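# Per-entry structural report
Each chain, written out:
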Amino acid sequence: QVQLVESGGGLVQAGGSLRLSCAASGRTVSRYTMGWFRQAPGKEREFVAGISWSGSTANFADSVKGRFTISRNNAKNTVYLQMNSLKPEDTAVYYCAADLLSVVVSTTPSEYEYWGQGTQVTVSS
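Residues numbered from 1 in each chain as written. Predicted model: local features only at pLDDT ≥ 70, side-chain atom pairs only at ≥ 80, totals over all residues. Heavy atoms only, no water.

## Quick look at the overall build of the protein chain
Helix and strand counts for the protein chain come out as zero helices and 11 strands. Each helix and strand of the protein chain, ordered N terminal to C terminal, gives the series β-β-β-β-β-β-β-β-β-β-β. The dimensions of the protein chain, computed from C-alpha atoms along their principal axes, are 40 × 25 × 25 Å. By residue count, 46% of the 125 residues in the protein chain fall in the buried class. Summarising the internal contacts of the protein chain: among those between residues at least 6 apart in sequence, 59% fall at separations of at least 24. For the protein chain, the exposed area adds up to about 6200 Å²; of that, 49% sits on carbon and sulfur atoms. A gap of 8 Å separates the mean positions of the 11 positive and 9 negative side-chain charges of the protein chain. (Helix = DSSP H or I, 4+ residues; strand = E, 2+ residues; numbered from the N terminus. Buried < 20%, exposed > 50% of the residue type's maximum accessible area, 1.4 Å probe, protein only. Contact = heavy atoms within 4.5 Å. Areas by Shrake-Rupley, 256 points an atom, 1.4 Å probe, with all protein chains shown as cover. Lys, Arg positive; Asp, Glu negative; His and termini not counted. Charge placed at Lys NZ, Arg CZ, Asp CG, Glu CD.)

## Quick notes on the pattern of salt bridges
Side chains that carry opposite charge are capable of pairing whenever their charged atoms lie near each other. All chains considered together, the criterion is met by four salt bridges. With its nearest N and O atoms 3.1 Å apart, the salt bridge here joins lysine 65 to aspartate 62. Since its relative accessible area comes to 66%, aspartate 62 is described here as exposed. Salt bridges sharing common partners tie together Arg38, Glu46, Arg67 and Asp90. (Salt bridge = Lys/Arg side-chain N within 4 Å of Asp/Glu carboxyl O.)

## Notes on the environment of glutamate 111
Looking at where glutamate 111 falls in the secondary structure, it is placed in the loop between strand E9 (92-99) and strand E10 (114-115). Between the alpha carbons of glutamate 111 and alanine 98 there is a distance of 8.8 Å; along the sequence they are 13 residues apart. The contacts of glutamate 111, once residues within four sequence positions are left out, are Asp99, Ser102 and Ser106. Within polar-contact distance, the side chain of glutamate 111 engages the side chain of serine 102 at 3.2 Å. (Polar contact = N/O pair within 3.5 Å; in protein donor to acceptor, adjacent residues only side chain to side chain.)

## Let's talk about the sheet that holds strand E7 (residues 68-73)
Pairing within the open sheet is antiparallel, and its four strands lie in the order E1-E3-E8-E7. Of all strands in the sheet, those with a lone pairing partner are strand E1 (3-7) and E7, marking the two edges. Looking at each pair of strands side by side, their axes are set apart by 15° on average, direction ignored. Relative to strand E8 (residues 78-83), strand E3 (residues 18-25) runs antiparallel, the two sharing six bridges. The partner of cysteine 22 across the bridge, within E8, is valine 79. (Pairing = 2+ DSSP bridges. Axes fitted to C-alpha atoms, helices over the stretch in contact; angles between N-to-C directions.)

## A look at the packing of aromatic side chains
All told, the structure shown has six aromatic pairs when counted by the stated rule. Plain terms: the ring middles of phenylalanine 37 and phenylalanine 47 are 5.6 Å apart, the flat faces sit at 75° to each other, and that makes the pair edge-to-face. Here phenylalanine 47 lies in strand E5 (residues 46-51) and phenylalanine 37 lies in strand E4 (residues 33-39), a separation of 10 residues in the sequence. Taken individually, phenylalanine 37 and phenylalanine 47 each receive the classification buried, so the pair is uniform in this respect. Consider the rings of tyrosine 95 and tryptophan 115, whose centres lie 6.5 Å apart with planes at 75°: the pair is edge-to-face. One end of the pair, tyrosine 95, is in strand E9; the other, tryptophan 115, is in strand E10, and 20 residues separate them in sequence. Ring-pair connections join several aromatic residues into one group, and the members of that group are Phe37, Phe47, Tyr95, Tyr112 and Trp115. When the ring centre of tyrosine 80 is taken as reference, the NZ or CZ atom of arginine 19 above it lies at 4.0 Å. When the ring centre of tyrosine 95 is taken as origin, the NZ or CZ atom of arginine 45, which lies over that ring, is 3.8 Å away. (Phe/Tyr/Trp six-rings, centres within 6.5 Å; stacked < 30°, edge-to-face > 60°. Lys NZ or Arg CZ within 6 Å of the ring centre and 35° of its normal.)

Don't take any of this as a statement about function, it's just geometry.
Below you can see the structure in the form of structure tokens.
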């Protein structure tokens, strides 16, 4: 089993930055693709960013390209989401997820086996 715990969410003004962290425990996630998803009230959960186990491949939603970056430190069993130039439409609960089986960085939530509990990000205008 893998437990994922997100942190770093909060309230920020538009144009500001936040760095989310996702700490894994239970087993190493160094061979897992890791992803970040978000869900706003009344909306479906959507893909934000993902990174391959080696860190060599990253994938981003069009809405966050150029503003968000994703990175991982396998020695620390941790994945990060750096969010810059935040917009009110980025407001959502952000979830970290782990995918062992896919060979690509999937954008589909059902491909991910493990999920964190989420962290709230609120961007004020």
